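The primary structure of each chain is shown beneath.
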Amino acid sequence: MNGASDFAQRSSEVRHLVATADLPSAIRKTMDLVRDFSGREHLDEVTVVSMTFCEIECGRRRDELNFEAAMQEKKKIARQLLGLVGEVEIHLVEVGHA
Amino acid sequence: MPEHSSPEADIETAAQALRAEIDREGGVPIRDFTQFAERFAIDPKLRDEAVVLGFDASVTAESADTAVACREMITLLDRIILDYRQRHGERLVSERAQRYDAVQENLQHRSRAGEVAFAGLGITKAYAKSLFKLGALDLTLRLGEITGVVGQNAHGKTTLLRIVAGELRHDEGTLDYPALGEGGSRIDRMHVKESLAYVPQELLPWRGSLRNTLHFEAAIRGIRGAENEREVRFVVERLGLGEHLDMRWNALSGGYKLRFALARALVWKPRLLVMDEPLANLDIKAKNVLLQDLRELASSYRYPIAVLISSHELHALEAVCEQMVFLRQGEVVYIGPTQGVAVDEANNEFELGTRLSLAELRQRLRGSGVIKVREEHTAFVLTTAREIGHQLLLRRLLEREIDVEYFRDNSRSVRRLFL
């Protein structure tokens, strides 16, 4: 099985990255997953997720966001990623192919 | 977990093992817990809740919080089991697996990975002034695969890359670009140059704003309107360039210049990407990030790319490449799969860094199974019989109290051909 077409393995990997709070990698992998298996709507959404994460990190670096607030925001990102991956899976299983 | 047990027994056994693990003092078993949820949660919301619980546990360092996380895990575990039983989970899990298998099979069937993007046969190029000659060499590049070209300076790496990229005319041989729709006796080199992405070693400065340059690049490749906006935003975010988008070219570090060059190359989703010495002048982190991105992007399912990359960073390339080419004075010493060097050799070869002298090392290695020891610049090269692998050799080195500052198994690596 070609690794790139193993969408179940790839979505599972994203979930694991979220669970271990490695959001930069989770976002990157979700972007690739969406690009490979879904359409424009999800592509726009995952791009916005990435931009939001970048803003949170910038906010932290500039001390504009305290730790707790940043964690709350990151948790929202984590949930958004899980929602996206779940939707891509449903899309794939319903449509039957990318 | 037993391999041939029923799903009902599986969930009981897995839950029992997980409970025992949670009860044990120490950290939270995030991986096992999320894997359990992934496998047995019928409701995707429960599966995602498990992941979020894992996220919470990962970002908390306090032991009190860990205890709370463990209690929450047990509660969620019970909910997953209850849901599984109430909804006859074994049937649903099995149906889900079948549906996924069918989709996977379909995806696999439609994958373009492995298709030939470039095939060159008998390629040669001679320079009259320097008397240097490249080839003849045969080279095939496939979608989804990365090919690394290694060799010392002025041994033909850039010449080969420029020929493939259509930047340099070859003397003999045939070039085919099935992925670009070019091939046969008359190749439109202008079309080839326009249809593949080439990132030279010396990057030319971008004159306008970085943002506009990317939009322009996408536009001249036929990506217009909302699609242009979407593709540029995506590639910028994917390569982590958002914070730097409003900077000027001259204000960027070497690493970011290269990442912008990569963004420019990838924004129009090329099938063939040629990169000449992209790792030169990058710090270790930037190198690793670049290679990881290349690996992930090349093996895309929908847009697989054939990548040809040259570098002196042999081991870094071997970590991401499917195929390696080793050139010496323009001739091919090796072309083939990564870690495919010397597969028929009767011995293994290792590189060792130690403070010991050659004489001391030889003395201590007596009876260790090492056949030959020689000094090579700042390290030693040890040759052993085939049956002595790196684990066994390392054990024997440690048993003999040999301090190991550096150790590498070069048995199947192109590095073996350099030494």
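Worth saying up front: this structure is predicted, and the values here are computed from it rather than measured.

Our next topic: the overall build of chain B. Summing up its helical and strand segments, chain B has 15 helices and 13 strands in all. For chain B, the C-alpha atoms occupy an extent of roughly 80 × 70 × 45 Å along the three principal directions. For chain B, the residues scored as buried account for 47% of the 419 residues in total. Residue pairs at least 24 apart in sequence account for 69% of intrachain contacts in chain B once pairs closer than 6 positions are excluded. Only carbon and sulfur atoms are counted for the fraction: they give 48% of the accessible area of chain B, which is about 21,000 Å².

Glancing now at the overall build of chain A. When helices and strands are tallied, chain A shows four helices and zero strands. Moving toward the C terminus, one meets the helices and strands of chain A in the order α-α-α-α. On the principal axes, the C-alpha backbone points of chain A span a range of 45 × 25 × 15 Å. Residues classed as buried in chain A amount to 50% of the 98 residues present. Long-range contacts, defined here as pairs at least 24 residues apart, represent 60% of the contacts in chain A between residues at least 6 apart. Averaging the positions of the 13 positive and the 17 negative side-chain charges in chain A gives two centres separated by 3 Å.

Moving on to the domain arrangement of chain B. As assigned here, chain B comprises domain 1 (7-111), domain 2 (116-337) and domain 3 (347-418). On a C-alpha basis, the centroid separation for the pair domain 1 of chain B and domain 2 of chain B is 42 Å.

Sites flagged by UniProt as "domain: ABC transporter" (unreviewed entry) map to residues 118-354 of chain B. Secondary structure content for residues 118-354 of chain B is 32% helix and 26% strand, while the C-alpha to C-alpha distance between its ends is 44 Å.

Residues annotated by UniProt as "domain: Effector-associated" (unreviewed entry) correspond here to residues 12-89 of chain A. Here residues 12-89 of chain A is 87% helix and 0% strand, with 11 Å between the C-alpha atoms at its ends.

All names here are of chain B. With 16 residues, helix α3 (residues 44-59) extends 23 Å from end C-alpha to end C-alpha; this agrees with the ideal 22 Å at 1.5 Å per step. Buried residues of α3: Leu-46, Arg-47, Asp-48, Ala-50, Val-51, Val-52, Leu-53, Gly-54, Phe-55 and Ala-57, and no others. For α3, the N-terminal cap is Asp-43; the gap from its side-chain oxygen to the backbone nitrogen of Lys-45 is 2.9 Å.

Glancing now at unusual backbone geometry. Residue and element names in this part refer to chain B. With omega at 10°, the peptide bond leading from Gly-135 into Ala-136 counts as cis. One can find Ala-136 in strand β2 (residues 133-142). Backbone geometry at His-88 places phi at a positive 50°, although glycine is not the residue there. Relative to the helices and strands, His-88 resides in the loop between α4 (63-86) and α5 (89-110). Take His-88: its relative accessible area is 49%, and that puts it in the partly exposed class.

Turning our eyes to something else, we now look at the confidence of the model for chain B. Across chain B, the average pLDDT comes to 91, with 96% of residues at 70 or higher. Across the interface, the model reports ipTM at 0.93; the global pTM reads 0.90.

The interface of chain B with chain A comprises 41 residues on the first partner and 49 residues on the second. It is Phe-55, Phe-234 and Glu-237 of chain B in chain B that bury the most area against chain A; as a group they hold 16% of the surface buried on that side. Across the chain B-chain A interface, the total number found is twelve salt bridges. Arg-28 of chain A is the partner of Glu-296 of chain B in a salt bridge, and the nearest nitrogen-oxygen pair spans 2.9 Å. Linking chain B with chain A are 22 residue pairs in polar contact (both at pLDDT 80 or more). Mapped by element, the contributors of at least two residues to the side of chain B that touches chain A are α2 (30-40), α3, α5, α9 (225-238) and α11 (284-298) of chain B.

This part covers the packing of helix α8 (residues 210-220) of chain B against helix α10 (residues 254-266) of chain B. All names here are of chain B. One can describe the packing of α8 onto α10 by two numbers: an axis separation of 9 Å at closest approach and a directional angle of 25°. Between α8 and α10, the crossing angle belongs to the class labelled roughly parallel. Read as a crossing pair, α8 and α10 show a hand that is right-handed. Only Phe-260, Ala-263 and Arg-264 of α10 make contact with α8, whose side of the interface consists of Leu-210, Thr-213, Leu-214 and Glu-217. Along the lines of polarity and charge, the residues of the contact of α8 with α10 split into four nonpolar, one polar and two charged.

Applying the stated criterion to the full structure yields 44 salt bridges over all chains. In this structure, Asp-56 of chain B engages Lys-75 of chain A in a salt bridge whose closest nitrogen and oxygen atoms are separated by 2.9 Å. Placement of the pair is Asp-56 of chain B in helix α3 and Lys-75 of chain A in helix α4 (residues 67-95), with the two residues belonging to separate chains. Since its relative accessible area comes to 25%, Asp-56 of chain B is described here as partly exposed. Residue class for Lys-75 of chain A comes out partly exposed when judged on its relative accessible area of 22%. The partner of Arg-238 of chain B in a salt bridge is Asp-293 of chain B, with the nearest N and O atoms 2.9 Å apart. Note that Arg-238 of chain B is positioned in helix α9 and Asp-293 of chain B in helix α11, a separation of 55 residues in sequence. Residue classification places Arg-238 of chain B among the buried positions, given a relative accessible area of 3%. One connected set of salt bridges, linked through shared partners, spans Glu-13, Arg-28, Lys-29 and Asp-32 of chain A together with Arg-238, Arg-259, Asp-293 and Glu-296 of chain B.

Residues and elements named next belong to chain B. Summarising the element assignment, Arg-364 is placed in helix α13 (residues 358-364). In this structure the C-alpha to C-alpha distance between Arg-364 and Glu-399, which are 35 residues apart in sequence, comes to 9.9 Å. Not counting chain neighbours up to four residues away, the residues in contact with Arg-364 comprise Leu-356, Arg-400, Glu-401 and Ile-402.

Before going further, it helps to spend a moment on the side chain of Arg-295 of chain B. All names here are of chain B. Note on placement: Arg-295 falls in helix α11. According to the relative accessible area criterion, Arg-295 is buried, its value standing at 19%. Setting aside its immediate chain neighbours within four residues, Arg-295 contacts Gly-144, Ile-146, Val-320 and Glu-322.

Counted at 1.5 Å a residue, the expected span for helix α2 (residues 23-37) of chain A with its 15 residues is 21 Å, and the 20 Å between its end C-alpha atoms agrees. In terms of residue burial, α2 of chain A counts as a mostly covered element, since 13 of its 15 residues are buried.

What counts and how
- Residues numbered from 1 in each chain as written.
- Chains lettered and ligands numbered in written order.
- Predicted model: local features only at pLDDT ≥ 70, side-chain atom pairs only at ≥ 80, totals over all residues.
- Heavy atoms only, no water.
- Helix = DSSP H or I, 4+ residues; strand = E, 2+ residues; numbered from the N terminus.
- Buried < 20%, exposed > 50% of the residue type's maximum accessible area, 1.4 Å probe, protein only.
- Contact = heavy atoms within 4.5 Å.
- Areas by Shrake-Rupley, 256 points an atom, 1.4 Å probe, with all protein chains shown as cover.
- Lys, Arg positive; Asp, Glu negative; His and termini not counted.
- Charge placed at Lys NZ, Arg CZ, Asp CG, Glu CD.
- Domains from an automatic or database assignment.
- UniProt positions renumbered as here; feature names shortened; annotations may be inferred.
- Expected span 1.5 Å × (residues − 1).
- Polar contact = N/O pair within 3.5 Å; in protein donor to acceptor, adjacent residues only side chain to side chain.
- pLDDT = per-residue confidence, 0-100.
- Buried area = accessible area lost by both parts, 1.4 Å probe.
- Salt bridge = Lys/Arg side-chain N within 4 Å of Asp/Glu carboxyl O.
- Axes fitted to C-alpha atoms, helices over the stretch in contact; angles between N-to-C directions.
- Parallel < 35°, antiparallel > 145°, perpendicular 65-115°, else oblique.
- Left-handed = near helix turned anticlockwise from the far one by under 90°.
- Nonpolar A, V, L, I, M, F, W, Y, C, P; charged D, E, K, R; others polar.

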